Each structure stands twice: as structure tokens, then as C-alpha cells.
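Listed here are the chains, written in short residue letters.
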Amino acid sequence: MELSQFVADVDGHQRKIVMAAARPRRVAHGDSGIPLRDGRTLPFVVERAWNAPAGHYTEAWYLVDPETREVVHEGAAREVAIRGLLTWTELADDVTAPFELAPGTYLLVFALDGVMGGQVEVHASEAPAEEAA
């Protein structure tokens, strides 16, 4: 038996998203997707879990129009510590500054040090009307 039969294939960057989602910050606005009011975003959260080699990376996410591949919004890039391949590193960003966005389907694209680790489809739609208190 050759030793090479027991060697892992470790080619590539080994950076991948294992879970990702966008959801409204307020439960009243729904439980998934990006809430809109009059063509502008309401506060929402972008959550994701990375599986990558341990280290410090610049992490970023992008909201992309899937038809044109145009970046319609870019999350703030930040330095993150990834715990390693044996576990997930969970991250979340609160997006509170509104920006213009049409209802529709978009891609959330995630990257570590400029290397794409995954993407997930997300829907932007008009939030339910709020009732007066």
C-alpha cells in the first residue's frame, strides 16, 4: 500500500462559506431577505459562517445583480480572525444605512483576501406595512 493513498488533496484556497443569509433586523419586517420601503433598504443583517485555514484575513461581501454581475452594494471590508478548518467562524453585519435597491433577486457574494468563498441568493422585497402603536 502506497503512502500517497492517505494524503489529502489540499490544492486550492480552501475558503468556503458553509452558511449565509440576509434577514431583516426587525421581526415585523419578515424572517428572511432584504426589506424595502419605497425603493430603499430598511435595516437588515448579513450572516455567514466561514470554513477556512486559521489566520487573519480581509473579509468582504457584495450584493450583486445576478444578470449583469454588477455590484449594487459593497459591505465594509474588515480584518477577521478565522479559527481554522476544524470549525466554522460565524460573522454578522448590521446594515443600518439605507441605500436604493429595486425589489428582486440578488446574490450575496463573500470573499476572504479577495478570493471568493461562496455566494447565496437573497430576495429584496417590500416590507409589510407597520401598524400604528
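The structure this text deals with has already been given above.
Residues numbered from 1 in each chain as written. Predicted model: local features only at pLDDT ≥ 70, side-chain atom pairs only at ≥ 80, totals over all residues. Heavy atoms only, no water.

Trainee: So what's going on with unusual backbone geometry? Which residues, and what values?
Mentor: Phi at Arg69 takes a positive value of approximately 65 degrees, unusual for a residue other than glycine. If you trace the backbone, Arg69 turns up in the loop between strand S5 (55–64) and strand S6 (71–74). Classification of Arg69 by relative accessible area gives partly exposed; the value is 47%. Backbone geometry places Asp113, a non-glycine residue, at a positive phi of 50 degrees. The residue Asp113 is located in the loop between strand S9 (104–112) and strand S10 (115–126) in this model. (Helix = DSSP H or I, 4+ residues; strand = E, 2+ residues; numbered from the N terminus. Buried < 20%, exposed > 50% of the residue type's maximum accessible area, 1.4 Å probe, protein only.)

Trainee: Which residues make up the sheet that holds strand S1 (residues 16–24), and what values go with them?
Mentor: Pairing is antiparallel in the open sheet, where 3 strands are placed in the order S1-S4-S8. Two strands lie at the open edges of the sheet, namely S1 and strand S8 (89–95), each paired on one side alone. For this sheet the average axis-to-axis angle between neighbouring strands, irrespective of direction, equals 15 degrees. As paired elements, strand S4 (residues 44–51) and S8 share 7 bridges and run antiparallel to each other. If you follow Val45 over to S8, its bridge partner there is Asp94. (Pairing = 2+ DSSP bridges. Axes fitted to C-alpha atoms, helices over the stretch in contact; angles between N-to-C directions.)

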